[in-house]
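Survey of secondary and tertiary structure
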Number of protein chains: 2
Amino acid sequence: MAIQSELDQRAINTIRFLAVDAVQKARSGHPGTPMGAATMAYTLWDRFLKHNPANPAWPDRDRFILSPGHASMLLYALLHMTGYDLPLEELQNFRQWASLTPGHPEYGHTPGVEVTTGPLGQGFAHSVGMAIAERWLAEHYNCPGHEIVDHVTYAIVSDGDMQEGVTSEAASLAGTLRLGKLITLYDDNDIQIEEPTDRVFSENVARRFEAYGWQIIGPIDGFDMAAIEAAIRRAQAETERPSLIICKTVIGYGSPEQATAEVHGSPLGEENVRAAKEALGWPLEPAFYVPDDVLAHTRQAVERGQQAEQTWQQRMEAYAHEYPDLAAQLKAQLRGELPDGWDAGLVDLFPPDTSPMATRVASGKALNALVERVHALTGGSADLAPSTKTILAGYGDFGWHEYCGHNMHFGVREHAMGAIVGGMALHEGVIPYGATFLTFSDYMRPPMRLAALMGLRAIYVFTHDSIGLGQDGPTHQPIEHLMNLRAVPNLTVIRPADATEAAQAWRAALLKTDGPTALVLTRQKLPVLDRTELGSAEGLQRGGYVLWDSANGMPGVILIGTGSETHVALEAGKQLADEGFSVRVVSMPSWELFDRQPADYRESVLPSVVRARVAVEAGVKLGWERYVGLDGAVVGMEGFGASAPADVLYQKFGITAEDAVTTARALLGK
Amino acid sequence: MAIQSELDQRAINTIRFLAVDAVQKARSGHPGTPMGAATMAYTLWDRFLKHNPANPAWPDRDRFILSPGHASMLLYALLHMTGYDLPLEELQNFRQWASLTPGHPEYGHTPGVEVTTGPLGQGFAHSVGMAIAERWLAEHYNCPGHEIVDHVTYAIVSDGDMQEGVTSEAASLAGTLRLGKLITLYDDNDIQIEEPTDRVFSENVARRFEAYGWQIIGPIDGFDMAAIEAAIRRAQAETERPSLIICKTVIGYGSPEQATAEVHGSPLGEENVRAAKEALGWPLEPAFYVPDDVLAHTRQAVERGQQAEQTWQQRMEAYAHEYPDLAAQLKAQLRGELPDGWDAGLVDLFPPDTSPMATRVASGKALNALVERVHALTGGSADLAPSTKTILAGYGDFGWHEYCGHNMHFGVREHAMGAIVGGMALHEGVIPYGATFLTFSDYMRPPMRLAALMGLRAIYVFTHDSIGLGQDGPTHQPIEHLMNLRAVPNLTVIRPADATEAAQAWRAALLKTDGPTALVLTRQKLPVLDRTELGSAEGLQRGGYVLWDSANGMPGVILIGTGSETHVALEAGKQLADEGFSVRVVSMPSWELFDRQPADYRESVLPSVVRARVAVEAGVKLGWERYVGLDGAVVGMEGFGASAPADVLYQKFGITAEDAVTTARALLGK
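Right, let's walk through the structure included here. (Residues numbered from 1 in each chain as written. Chains lettered and ligands numbered in written order. Predicted model: local features only at pLDDT ≥ 70, side-chain atom pairs only at ≥ 80, totals over all residues. Heavy atoms only, no water.)

1. Considerations on the nonpolar core
Burial of nonpolar side chains together is a common tendency in soluble globular proteins. Core analysis: the largest hydrophobic core is formed by 260 residues, its most contacted members being F209, W214 and Y460 of chain A together with F209, W214 and Y460 of chain B. Setting aside its immediate chain neighbours within four residues, F209 of chain B contacts F124, M162, T167, A171, W214, I216 and L244 of chain B. Membership of the second largest hydrophobic core comes to 51 residues, among which are L91, L185, I220 and V290 of chain B. (Core = buried A, V, L, I, M, F, W, Y, C linked by side-chain atoms within 4.5 Å. Buried < 20%, exposed > 50% of the residue type's maximum accessible area, 1.4 Å probe, protein only. Contact = heavy atoms within 4.5 Å.)

Here it is, written out as structure tokens:
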């Protein structure tokens, strides 16, 4: 064990015992990692981290990610000690209702928390997204003599993070992209919940990351500040490779049960709290003890931070003087603003005489129209860009030789794509999107959920959205996915019925600033609805709208469709009208947008008295009862799809106008 | 390019052009990989693979997994040529309705297909599960001089597979477990859909797998049979490490567009089909040409296979003679049979006076009771066993030093766990389970979906099933997950209300042989319902049942609960009864089981005329309209959870008996 200055050592122990005491008081939480990783974290924060506790939103701050979110008290202790708006009372209120110190760090809830962590691997993968955004903005906005975007992304990761596949995906891509300003400190403590780590994780992590193209530093003694300092300096000096610093630590350091899984996820217990304090020479009383001189030292971060930001503001002014347009654009992007007239022409892209077009194709055209004005748009696909139609033509490829390209290439890594898109959104300055087939949305659910929880402006483009993709068969045909996305709180799901709705869908996605949006698009061509005869596609902004009424007055039956099945519903509706029924056809591209409308609007679209309702969607029926109730019916899928041409599948699985007509007739008792 | 025998070379070209012609005829499919990987696959199948085309179910066959499922025609060609029941007409009917040759290989649909593949990474990860099952069965059943379980698991993997996180997870675990009979051939062709592979995947795959503890062989020339043969022999000789054979190939070999992404996923086009045939010296006509001598050669597999199985059957008889009990048990396990009296005592585990108990704890007790009779039960957790209560006490740990342990340790690798459990189920002989927190089910959706599609007997144990887990907060509190599992076709989801239902839930899980089951369990304690006063827990087998009626005759209001909220519904029901309402309380642990009941049973539980219905579940409301319709109401979650003690959360989020009573009163207009 190396010796640090006595003050540093006490600062480190302050972190440790704030965590220990908070967990003990809450009777819940994870003391082990804060006790083991306190030295690493303190060294980084005290010697290196560029941040301004008085303004956690300073755009050029370094980013710090605590990937093992269960060690939240480590972060809360640092935030409190360095002067963020997080009083000691909040730490004493750890894990209680409405406190600023929830069990796992929550972005947008606690000042200074850069990302919500807890599900392992996500913090690390999001950090890669942040480093990408930094690199992209630096490439676009830095000018000779004006390095106005210049910060480092640091992450602490745990053994558990290292075992998650999303970490592997993101690390491989980070190596390929040579993200030199990404520095990861690995808290390598040889313990996980079920057993010593080598029982399930005997791999050589250093060699693995080396294979990804990372610089490996260590293993070093994770309790030796000088070694950690030297390692971080070496990492900073390497500009062409991300760096992994392997720090050997001891979980629950100081506790009689240190180096065992016992100290991972439960309070130490009064006896072991006392024993740990005695072992590390810490006063037994008071709990939550922060020595004055320690606080005075760590709170210097406030002044340092203010000076750092002030210096940056001055540089920003000089930059704005020399490059006023660039500076204005950067500032607007960082604020998340859309430029004036950003959506000009968008809704006119597809006039009524447009040839039948897949909504994925319409989406691609809308996206390419948008990027001409919305410079912040940048994203890509998990190796399916030619199919997802998400290439921004003429906007370059982001990569080693060209970091200003708008087109990201994620490789066959859907999970990391989701997290990287989230990290880019968190960084701010870009509006990111990620694309794959809808069926593979299953690979990226954890980061989508986090984006919804954090309220990020992230956009997912999911194509090949039903059995309509045809011959690739049931592994590729989404059935439950659409409903499963709808079930995620604060995720807006939009499945446009045609090209005109696809353009509106992109508009809605860009207008949604407090949560992610999933666009769900067809592989197959669809007619472009003639809006001179049907309800305006503008209705998409309200989620659902009357597409067509066969007659005035209250309809006798309502058919509801989304996406490609809106056409099935419309055809069925016309047929029923020919048979003399009074029919309404509703296009319902987005449940979330519809459910957010005032009750009278919803009532005007779906009048309560009309109970003969048929929903048509080539997915699971489950969920549609929300709109059709116990007296209506759903024309949908009962099981998995099959491999055959799309038109055959629609016939065989009974999702046709005839099926909808028969179903409606049965409801009407005819 | 090495020279093979002229016959071998024509056999390889037969595979190539069967694929090319089938894709061309279907106007859909992926010719590139079959053209590139034909030599690897042919060498393996012709020189090594132990299989019996006349009996694809022979238990001691080697397993062959084609992880890039889009190359399905490669597999179909081999199956046809080696004499499986797959006539040439089926290959000519590629990707058509009801053909045996769907776009991606489907287990249970085409003889000889070991696993449904298509979503990348899954095939490889499932192969690890198969190798684990083989090792486990070998350890349990082989006796000195009787190696009755002794086969190799081979997989072909692609660049795309290598980029998926699930591959990393499974490979790391395979290395740790030293699965010496797992042999992976890597079709390394440097091309993926969006670009040359090095643009997004510059990592050194060999060094990465070496870091996992694998033997690395190659890179070798993937068109050189002698090199492939030597490599496979070397892999077979290594018994303590899995082997990765890196084969350099050329995608679309022979086509004018070889070595480009153009040949990946579309028909070559007539002109390039002709050019490819000319380039490789193949007759232009007929299409689907299989030379007689090639077929005669490859069909020798039939006789070889029959002899191999016959020899094994003789060895099995000798084994049965010497170890009759072991042999009988093994045979029963391979048939998936449960022993007589397998569930004896299970339903009596929790008498009415049992202290309050979390359903995860009850599940653990049921599981431990079951394993005493059901020897095939083996599984584990993704590093959460102490919390998921899935340890089989006294049944050992599966790992390097003890391969007969029933307790698997997956590490923090939920995704691989899902696939490995699937691979174990596919192998047959074991009844596998995997456990984690319900919120992390999001990490393992792709393999769960495949298990449902394949109809596997796999069991998922998901604990910490709601805000009831308390202080870990919103990242750990499932909201949408329960409904999202219910949306998967052929996945049975069971959320028991108490210990007695938990025992019944395990019973239902073991009885379900044609699809997976997810058990959804609480962290928090729940009272054990007094079945002398309430409906029998046996009702769980029907999915939903009347738990309590306040009076005879038609109820005025129905309250429906699942899991922990069944108690909320029951308390609310009693309160409403005290207020003079006629109330029914329904326990609805499994929608799938309930929806499968005859209409009259469902009507007897939820009479159509009773429209005042309140569902209570601490998850999304979406979906519950299936049972409560437009006139009922749901007491559930509107958004994400929060970090606080569970009882506080139930109060704050309004999921209490009082909330249910108020809601019911409102429905009744009182």
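Having seen it, we continue.
2. Notes on the relation of the copies chain B and chain A
Overlay of chain B on chain A (RMSD 0.0 Å): rotation 180 degrees, translation along the axis 0.0 Å. Overall, the copies show the geometry of a two-fold rotation axis. Both copies present the same face, since 100% of the interface residues in chain B are matched by interface residues at the equivalent positions in chain A. (Least-squares fit on C-alpha atoms with pLDDT ≥ 70 in both.)

3. A short note on the environment of R95 of chain B
All names here are of chain B. With respect to the helices and strands, the residue R95 is situated in the loop between helix 4 (88–92) and helix 5 (122–141). R95 sits 70 residues away from K25 along the chain, and the two C-alpha atoms are 9.7 Å apart. Engagement of the side chain of R95 in a polar contact is seen with the side chain of S28, the distance being 2.7 Å. (Helix = DSSP H or I, 4+ residues; strand = E, 2+ residues; numbered from the N terminus. Polar contact = N/O pair within 3.5 Å; in protein donor to acceptor, adjacent residues only side chain to side chain.)

4. Brief notes about unusual backbone geometry
Residues and elements named next belong to chain A. Put simply, G218 and P219 share a cis peptide bond, and its omega is 10 degrees. Counting through the fold element by element, P219 comes out in strand 4 (residues 215–221). Of note, the bond from E285 into P286 is cis; its omega dihedral lies within 30 degrees of zero at -10 degrees. Along the chain, the position of P286 falls in the loop between helix 10 (270–279) and helix 11 (292–298).

5. Observations regarding the interface of chain B and chain A
Listed by partner, the interface residues are 106 residues for chain B and 106 residues for chain A. With both chains or domains summed, chain B and chain A bury close to 8,300 Å², and 56% of this area falls on carbon and sulfur atoms. For chain B, the biggest contributors to the area lost against chain A are W97, E194 and R449 of chain B; these three give 10% of the whole. Where chain B packs against chain A, one counts 12 salt bridges. Across the pair E480 of chain A and R449 of chain B runs a salt bridge, and its minimum N-O distance is 2.8 Å. Our count for the contact surface shared by chain B and chain A stands at 58 residue pairs in polar contact (both at pLDDT 80 or more). (Buried area = accessible area lost by both parts, 1.4 Å probe. Salt bridge = Lys/Arg side-chain N within 4 Å of Asp/Glu carboxyl O.)

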